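# Per-entry structural report
Each chain, written out:
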Amino acid sequence: MKKALIATVITSSLLSSTAVFAAQLTPVNPQEELAYTLGLQAFIYGAGPLTVAQVRAASTNVDSPMDNGAAPLNMMGKTLTLAGPDDRVVPTMNNDTLYSQSHINLNDTGPLVIEVPPTDNRYFIVQLLDDYSEAVDNLIVDNVGKDGGKFLLVNKGWKGQKGGIPDGIDGIIESRTPLVWYIQRTGVSGNKDLTAALKVHDGFINYPLSELGQAHKTVKLSHAKTGISPVAQPKGLEWFELIDHELRNNPIPSDAPIVDQFKYIGIGGDKPFNADDLTADQKKGLLRALNAAPQIIQYASRDLGVKNNGWAMMYEGGRYGNDYLSRASINFRAAGLNTKERALYPNRYTDSNDQQLSGKNKYRMTMPADAPAKEFWSLTMYDAKHLFMVPNSIDRYSVSTNRKDELTYNKDGSLTVCIQNSKPTDASCNWLPAPKDDFYLHLRLYEPTQAVLDNNYALPQVVKQ
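Note that this is a predicted model, so its numbers are computed, not measured.

## Some points on the sheet that holds strand β3 (residues 112-116)
With mixed pairing, four strands are arranged side by side in an open sheet as β7-β6-β3-β9. Of all strands in the sheet, those with a lone pairing partner are β7 (171-175) and β9 (205-208), marking the two edges. Across the sheet, the mean angle separating the axes of adjacent strands is 25 degrees when strand polarity is ignored. Judged from the five bridges that link them, β3 and strand β6 (residues 149-155) form a sheet pairing that is antiparallel.

## Comments concerning the packing of helix α8 (residues 280-301) against helix α9 (residues 324-333)
Relative orientation of the contacting elements α8 and α9 amounts to 90 degrees, with a least axis distance of 9 Å. It follows that α8 is roughly perpendicular to α9 by the angle criterion. Residues P294, I297, A300 and S301 of α8 pack against L325, A328, S329, F332 and R333 of α9.

## Here's the deal with the packing of aromatic side chains
Using the criterion set out here, one finds 13 aromatic pairs in the structure. For the ring pair Y123 and Y446, a centre distance of 5.3 Å and an interplane angle of 70 degrees mean the geometry is edge-to-face. Taken together, the residues span a long stretch of sequence, with Y123 in the loop between β3 and β4 (124-130) and Y446 in strand β19 (residues 439-448) at a distance of 323 residues. In this pair, the class of Y123 matches that of Y446, namely buried. A ring pair is formed by F240 and F273, whose centres lie 6.5 Å apart and whose planes are at 40 degrees; its orientation type is tilted. With F240 in helix α6 (residues 238-249) and F273 in the loop between α7 (256-259) and α8, this residue pair connects regions lying 33 residues apart in the sequence.

## Here we look at the state of the cysteines
All told, the structure shown has one disulfide when counted by the stated rule. In this model, C418 is linked to C429 through a disulfide, with the two sulfur atoms separated by 1.9 Å. Classification of the bridge connecting C418 and C429 rests on its S-S torsion, roughly 115 degrees, and on that basis the disulfide is right-handed. One end of the pair, C418, is in strand β17 (residues 415-420); the other, C429, is in the loop between β17 and β18 (430-433), and 11 residues separate them in sequence.

## Brief notes about the side chain of T92
Locating T92 in the fold gives a position in the loop between β1 (76-78) and β2 (97-105). Classification of T92 as buried rests on a relative accessible area of 6%. Discounting chain neighbours no more than four positions away, the residues touching T92 are R333, A334, Y382, L387, Y440, H442 and R444.

## What about the pairing of β2?
Among the nine residues that make up β2, nine are buried, leaving the element largely enclosed by the rest of the structure. The sheet contact formed by β1 and β2 spans three bridges and is antiparallel. When the sheet's bridge partners are listed, G77 is paired in β2 with Q101. Of the strand pairs in this sheet, β2 and strand β8 (residues 179-187) are connected by nine bridges, and their pairing is antiparallel. Its bridge partner lying in β8, T97 is registered against G187.

## What to know about the pairing of strand β15 (residues 373-383)
Among the 11 residues in β15, nine count as buried, and that is most of the element. Direction of pairing for β15 relative to strand β16 (residues 398-400): antiparallel, over a ladder of three bridges. By the bridge assignment, T380 is partnered in β16 with S398.

## So, the pattern of salt bridges
Enumeration over the complete set of coordinates arrives at 15 salt bridges. Here R288 makes a salt bridge to E33, at a shortest N to O gap of 2.9 Å. In this pair, R288 is assigned in helix α8 and E33 in helix α2 (residues 30-59), connecting sequence segments 255 residues apart. R288 sits in the partly exposed class, given a relative accessible area of 30%. R403 is the salt-bridge partner of E406, the closest N and O atoms lying 3.5 Å from each other. Through salt bridges with shared partners, a single ionic network connects E32, E33 and R288.

## A word on α8
Its 22 residues give α8 an end-to-end C-alpha distance of 32 Å, which sits within 8% of 32 Å, the value for a rise of 1.5 Å per residue. The largest bend along α8 measures about 25 degrees and falls at A292, with the proline P294 one to four residues further on. In the core, the buried residues of α8 are packed alongside α2, α6 and α9.

## Focus: unusual backbone geometry
Positive phi is not limited to glycine here, since N74 has a value of about 70 degrees. Tracing the backbone through its elements, the reader meets N74 in the loop between α2 and β1. For N74, a relative accessible area of 25% gives the class partly exposed. Of note, N455 is a non-glycine position whose phi angle comes to about 60 degrees, a positive value. Assignment of secondary structure puts N455 in the loop between α10 (450-453) and β20 (463-464). Note on N455: relative accessible area 28%, which makes it partly exposed.

## So, α9
The buried fraction of α9 amounts to eight of the 10 residues, a majority that puts the element mostly inside the structure. Listing the buried residues of α9 in full gives Y324, S326, R327, A328, S329, I330, N331 and R333.

## As for the environment of K150
In this structure, K150 sits in strand β6. The spacing of K150 and D170 is 20 residues in sequence and 5.5 Å in space, taken between C-alpha atoms. Ignoring sequence-local partners within four residues, the contact set of K150 consists of V113, I114, E115, G168, I169, D170, G171, Y207 and L212.

Definitions and limits used
Residues numbered from 1 in each chain as written. Predicted model: local features only at pLDDT ≥ 70, side-chain atom pairs only at ≥ 80, totals over all residues. Heavy atoms only, no water. Pairing = 2+ DSSP bridges. Helix = DSSP H or I, 4+ residues; strand = E, 2+ residues; numbered from the N terminus. Axes fitted to C-alpha atoms, helices over the stretch in contact; angles between N-to-C directions. Parallel < 35°, antiparallel > 145°, perpendicular 65-115°, else oblique. Contact = heavy atoms within 4.5 Å. Phe/Tyr/Trp six-rings, centres within 6.5 Å; stacked < 30°, edge-to-face > 60°. Buried < 20%, exposed > 50% of the residue type's maximum accessible area, 1.4 Å probe, protein only. Disulfide = S-S within 2.5 Å. Salt bridge = Lys/Arg side-chain N within 4 Å of Asp/Glu carboxyl O. Expected span 1.5 Å × (residues − 1). Bend = angle between axes of the 7 residues up to and from the residue.

In structure tokens:
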């Protein structure tokens, strides 16, 4: 009896408090606000698969494999030259390696053989990302060897075949989504090394398990007269239709607690998203979310992650867990980012005084002799708005220690980079040409040292002169 009385008193008190609290609120349209709130969360959660889907749509919008990396679904395209300002399929492409690319649907191909050729001492990596931009696996010299090998990419839960692993297969790689983005990179020490690099690069191929043991020729590529062909962009609420499509076709069971609530706005349910099923108030809320979400992601991207002397470290790349805001931010800046152990991508918009980097000024950066990369490092210039390489008079888009013959080192083994629009008067300074307006710098550390992985290495500042 006493417990019931106490419960009644507490309930009455709560109801009274709620009434007082409600009286202090500014009236809103609950249906619109719920759609807005869920729309924001859905867009931030869906930004990873949304970015991958957009890259896939642009990269597969061709009839045959191309020499710019584009290819139809389940086929492979390759680049035959180093990327430059005309390459705009994704932001912040590197200027250090050749690319092979496949967008794969394992529901179509079944188990897929990934073949790595003998590579000697040349840098390479086969990166596999799922539809959410999460790392599936990486094939590198440490787990493949210099003599190459064959690996089988399968859908999660694949039961195998009678007799176990087929002869000739060196390992099984399992993806949690049927859609997989294959990104392979081959290191190139400048254009003089291109012919030798291409001989190795040609040997990276993939094909269905049913073709194992057959002879496979070098991928036949058509010449692309222009960059990746643009595809029609979604308009308005069609963006949520695309997010819904990716979530329903590549569900992640462990994410159900957050994804299930999106069903209130028609996303991730049993049937495809249809704006006609929404009320006018829900549409209004979703359109507000569509306007706000990209701005929120861009704003957050400047401060997310660990900072090291002004560099945003992006340690989360490829392994985001439940940090959906980091996943969204990183994908908007650098789609296809690798895991930190394979490549670390410090980046920055500002100088040592926290002022926006601009071609109106001159800057210097000096990397110590004990650079924090076991393979090599590079510094690449991009415009601040779109994050694409910028044309310049000497066709130099990056300074890379993989091209040592182009560089001038200091007596102590350190390397100084002059970052400016006009040619520097100091001939001993390595010039990285900047645009006339705002720019963004991307440092790449290939096979970073443990010191930088532990954030115990102070990266060099970018100092205004």
